[in-house]
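# Commentary on secondary and tertiary structure
Listed below, chain by chain, are the residues.
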Amino acid sequence: MRAELEDWYANYAEIIDDKRPNDWVSSFAETGVYAVGTHNNVSTTGAWWYTDHGVVYLKERAAYNGGYFWHTPQRTLLMISNILAQEEADGKVVSRAAFAMFAADRHQASQVHVTGRYSDVFVRQEGRLVFAEHRAVIDGETVPANMGVFL
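Residues numbered from 1 in each chain as written. Predicted model: local features only at pLDDT ≥ 70, side-chain atom pairs only at ≥ 80, totals over all residues. Heavy atoms only, no water.

### Here's the deal with the overall build of the chain
- Looking only at helices and strands, one finds four helices and six strands in the chain.
- In terms of overall size, the chain behaves like a compact globule, its C-alpha atoms giving a radius of gyration of 15 Å where 151 residues would be expected to give roughly 15 Å.
- Once the C-alpha set of the chain is aligned to its principal axes, its extents read approximately 50 × 35 × 30 Å.
- By residue count, 44% of the 151 residues in the chain fall in the buried class.
- In the chain, once contacts between residues fewer than 6 apart in sequence are set aside, the share between residues at least 24 apart is 58%.
- Put simply, the chain shows about 8,300 Å² of open surface, and 51% of that area lies on carbon and sulfur atoms.
- Between the centroid of the 13 positive side chains of the chain and the centroid of its 19 negative side chains there is a distance of 3 Å. (Helix = DSSP H or I, 4+ residues; strand = E, 2+ residues; numbered from the N terminus. Rg over C-alpha atoms; globule rule 2.2 N^0.38 Å. Buried < 20%, exposed > 50% of the residue type's maximum accessible area, 1.4 Å probe, protein only. Contact = heavy atoms within 4.5 Å. Areas by Shrake-Rupley, 256 points an atom, 1.4 Å probe, with all protein chains shown as cover. Lys, Arg positive; Asp, Glu negative; His and termini not counted. Charge placed at Lys NZ, Arg CZ, Asp CG, Glu CD.)

### Some details on the packing of aromatic side chains
- The tally for this structure, following the rule as stated, stands at 14 aromatic pairs.
- Measuring from ring centre to ring centre gives 6.0 Å for Phe28 and Tyr34, while their planes differ by 80 degrees; the resulting arrangement is edge-to-face. In this structure, Phe28 and Tyr34 share a single accessibility class: buried.
- Through pairs of rings, three or more aromatic residues link up here, namely Trp8, Tyr9, Tyr12, Trp24, Phe28, Tyr34, Tyr50, Phe99, Tyr118, Phe122 and Phe131.
- Directly above the aromatic system of Tyr50 lies the positively charged group of Arg61, at a separation of 3.6 Å from the ring centroid. (Phe/Tyr/Trp six-rings, centres within 6.5 Å; stacked < 30°, edge-to-face > 60°. Lys NZ or Arg CZ within 6 Å of the ring centre and 35° of its normal.)

### With respect to the pairing of strand β2 (residues 50-53)
- With burial as the criterion, only one face of β2 is covered, namely that bearing Tyr50 and Asp52; the residues Thr51 and His53 on the opposite face remain uncovered.
- The sheet contact formed by strand β1 (residues 28-38) and β2 spans four bridges and is antiparallel. Residue pairing for β2: Val36 is matched across the bridge by Tyr50. (Pairing = 2+ DSSP bridges.)

### Description of the side chain of Thr76
- For Thr76, the position within the fold is in strand β3 (residues 75-87).
- At 3.0 Å, the side chain of Thr76 forms a polar contact with the side chain of Asp17.
- Setting aside chain neighbours within four positions, we find Thr76 in contact with Ile16, Asp17, Lys19, Met101, Phe102, Ala103 and Val149. (Polar contact = N/O pair within 3.5 Å; in protein donor to acceptor, adjacent residues only side chain to side chain.)

### Looking at the pattern of salt bridges
- The full count for this structure, using the stated rule, is six salt bridges.
- Residues Arg20 and Asp18 are paired through a salt bridge, measuring 3.3 Å at the closest nitrogen-oxygen approach.
- Judged by relative accessible area, which is 39%, Asp18 ranks as partly exposed.
- Put simply, Asp18, Arg20 and Asp23 are held in one network by salt bridges that share partners. (Salt bridge = Lys/Arg side-chain N within 4 Å of Asp/Glu carboxyl O.)

### Some words on helix α1 (residues 2-17)
- Between its first and last C-alpha, α1 extends 23 Å over 16 residues, near the 22 Å set by a 1.5 Å rise per residue.
- Buried within α1 are the following residues: Leu5, Trp8, Tyr9, Tyr12, Ala13, Ile15, Ile16 and Asp17.
- Buried positions along α1 lie against α2 (21-26), β3, β4 (93-104), β5 (111-125) and β6 (128-138).
- Positive backbone phi, at 55 degrees, marks Lys19, one or two positions downstream of α1. (Expected span 1.5 Å × (residues − 1).)

This is the structure:
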């Protein structure tokens, strides 16, 4: 299970870095949830910066991010590590991982863009893992200025 999940996250990071929005949407179950919040908000109030439920809203997020990148060319490098996972009796896989995203544009060298932790639930769909829930909790108390990126 661990090797499969490590490969899955490596492929997911490549999808993000290569800006492949259709593949990003395909990494979720039809009813999948994508949420991003800051550590302070999530841990104290349970509030998420945004939450998308289901493939229609995931496609909307992908379209928004695609348009955002059209105006702000940027290269990212997403690194995912410290993966912990447990397969539940119902076949779901519950996972936690750490992430760091580095970003660069035409005018500056790469720098840390955002760091945080994932809290994920995977299900199998047609023999492959997909997100039932993908929640990214950003370490800082504020969201970085350029959040037109997938996490």
